[in-house]
Amino acid sequence: MKKGIIAAVAVVSVGLLAFTGCSKKAKKSEKITLTVWESLLGPDEFIKQAGAKYTESHPNVEIKFVNVELGDSTGQISLDGPAGVGADLFAAPHDKLGELVNGGHVAPTANPDVVAKEVLGACSKALTYEGKMYGYPVSAETYALFYNKDLIAEKDVPKTWDALAKWVVDFNKKNPDKRGFIMDVGNAYYSILFTTENGNRVFGSTGADTSTTYLNNDDAVNGMKFFQSLRPALNVPAADLSTGACDAAFQGGQAAMHITGPWNVKNFVDAGLNFGVAPLPSLPGDKVPAPSFSGTRAMFVSSYSDHPEEAADFAQFLISPAMQQLRFDITGAMPAINVKVSSEYIGGFLQQLDYAFPMPSVPQMSAFWEAFGNASKNIWDGADVKKELDACNATILGI
């Protein structure tokens, strides 16, 4: 997931121009409705518009959008699918793949060789579990450092976490009604970056070693001690630093810097915020951006669907160049295919993606989010780092 990603996103793949023609046509004699689960605030509008376009060329197929948020779809399909009232196609993050496959809830990707060839390599890898591909990637994402240009000049945006802490302390003294930096310190999606010293990765370099979480070894402990040392610069309890509160503070012009992802670009633009996006500051002893989680948002064909071929065909349609451009225009999410998009903000994300690593998709990830999130909160608030991480490791592994 290195230089190839930037090059991949920056150019248009000629082969993709005919990509929609590769998918199998739905039977025109059969009138069917495909139920699609997706989130609100952008992805919903994408499915509605993409569905209308698809029906133009497949008049026998109606696309029915139903709101099921990304974080809820895995649990809901396990209940609604067997009951016969679930979706034909639903959105889920790739880290849920192991849980979905082991539960028997999703069908393998149709035409996996074709799909894998046309999407970004990181996305196809993220959707491969035990040698088989599942789902269709509709966007790639990671997070980066947002900065308010009215509060900090681009040349002053810190390149290291140490420099960020120093800048923030000075800024806060001069601006007692604002914050130099803000982030959800109890969100495992973000705090994981502090465990990555010396190439350390949750569940190992492959993301599949479940003998340990790698979250309580020396590298992780040292990194989380550094994380804890940042508390004086952002002297706010973890309970008051929720994602919603942090997003609102930055959007309201009350914070100079914030860590979030491309899903917030449209919100900040609509709010009239004058902002930029830069790679994450580097960790102590390093000179490159701190590693971040990268994610692949995918559409999965339910194994309970009465129309799996049509659902797979619509899913492939969603990763055609035209639909990926539409999704970017509506949501700001980075495409999952080799298509160039124009945005003054995407450069920061592309630079950060060069140092990102995919969230593991092993079933143990279901326990990771709450366990490591709680450990991060406690560590931020002053708890013993090693004890917290040992407990976190045991909770995730169920030992």
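Anything mentioned here points back to the structure above.
Scope of this entry: the structure provided in the associated data block. This one's a predicted model, so the numbers in the text were calculated from it and none came from an experiment.

Observations concerning the overall build of the protein
- Along the backbone of the protein there are 16 helices and 11 strands.
- A globule of 399 residues ought to have a C-alpha radius of gyration of about 21 Å, and the protein, at 21 Å, matches this closely.
- Considering only C-alpha atoms, the protein reaches an extent of 70 × 50 × 35 Å along its principal axes.
- Looking at the protein as a whole, 56% of its 399 residues are labelled buried.
- Residue pairs at least 24 apart in sequence account for 79% of intrachain contacts in the protein once pairs closer than 6 positions are excluded.
- Surface exposure of the protein reaches about 16,300 Å², of which carbon and sulfur atoms provide 51%.
- Distance between charge centroids for the protein: 5 Å, based on 33 positive and 43 negative side chains.

So, the packing of helix 15 (residues 365-380) against helix 16 (residues 385-397)
- Close contact between helix 15 and helix 16 brings their axes to 9 Å; oriented N to C, the two are set at 170 degrees. Considering the angle they form, helix 15 stands roughly antiparallel to helix 16. Listed contacts from helix 16 to A367, F368, A371, F372, A375, N378 and I379 of helix 15 are V385, E388, L389, C392, T395 and I396.
- Residue classes in the contact of helix 15 with helix 16 are distributed as 10 nonpolar, two polar and one charged.

Quick look at helix 10 (residues 243-251)
- All buried positions along helix 10 are accounted for by C246, D247, A249 and F250. When helix 10 is viewed along its axis, its buried side chains cluster within an angular range of 165 degrees and face the same direction.
- Lining the buried residues of helix 10 we find strand 7 (144-148), strand 8 (257-260), helix 11 (265-270) and strand 9 (275-278).
- Of the residues one or two after helix 10, G253 is the one with positive phi, at around 75 degrees.

Some remarks on the pairing of strand 7
- Counting buried positions along strand 7 yields five of five residues, so the element is predominantly enclosed.
- As judged from the four bridges shared by strand 7 and strand 8, these two strands associate in the antiparallel manner. Residue pairing in the sheet places A144 in a bridge with T260 of strand 8.
- Summarising the sheet, strand 7 and strand 9 pair through four bridges and their orientation is antiparallel. Note that in strand 9 the partner of Y147 across the bridge is G276.

Concerning the side chain of S191
- Relative to the elements of secondary structure, S191 occurs in helix 8 (residues 188-191).
- Excluding residues that lie within four positions of it along the chain, S191 makes contacts with V185, M224, F372 and S376.

What counts and how
Residues numbered from 1 in each chain as written. Predicted model: local features only at pLDDT ≥ 70, side-chain atom pairs only at ≥ 80, totals over all residues. Heavy atoms only, no water. Helix = DSSP H or I, 4+ residues; strand = E, 2+ residues; numbered from the N terminus. Rg over C-alpha atoms; globule rule 2.2 N^0.38 Å. Buried < 20%, exposed > 50% of the residue type's maximum accessible area, 1.4 Å probe, protein only. Contact = heavy atoms within 4.5 Å. Areas by Shrake-Rupley, 256 points an atom, 1.4 Å probe, with all protein chains shown as cover. Lys, Arg positive; Asp, Glu negative; His and termini not counted. Charge placed at Lys NZ, Arg CZ, Asp CG, Glu CD. Axes fitted to C-alpha atoms, helices over the stretch in contact; angles between N-to-C directions. Parallel < 35°, antiparallel > 145°, perpendicular 65-115°, else oblique. Nonpolar A, V, L, I, M, F, W, Y, C, P; charged D, E, K, R; others polar. Arc of directions from axis to C-beta. Pairing = 2+ DSSP bridges.

It is worth stressing that arrangement in space is one thing and function is another; only the former is reported here.
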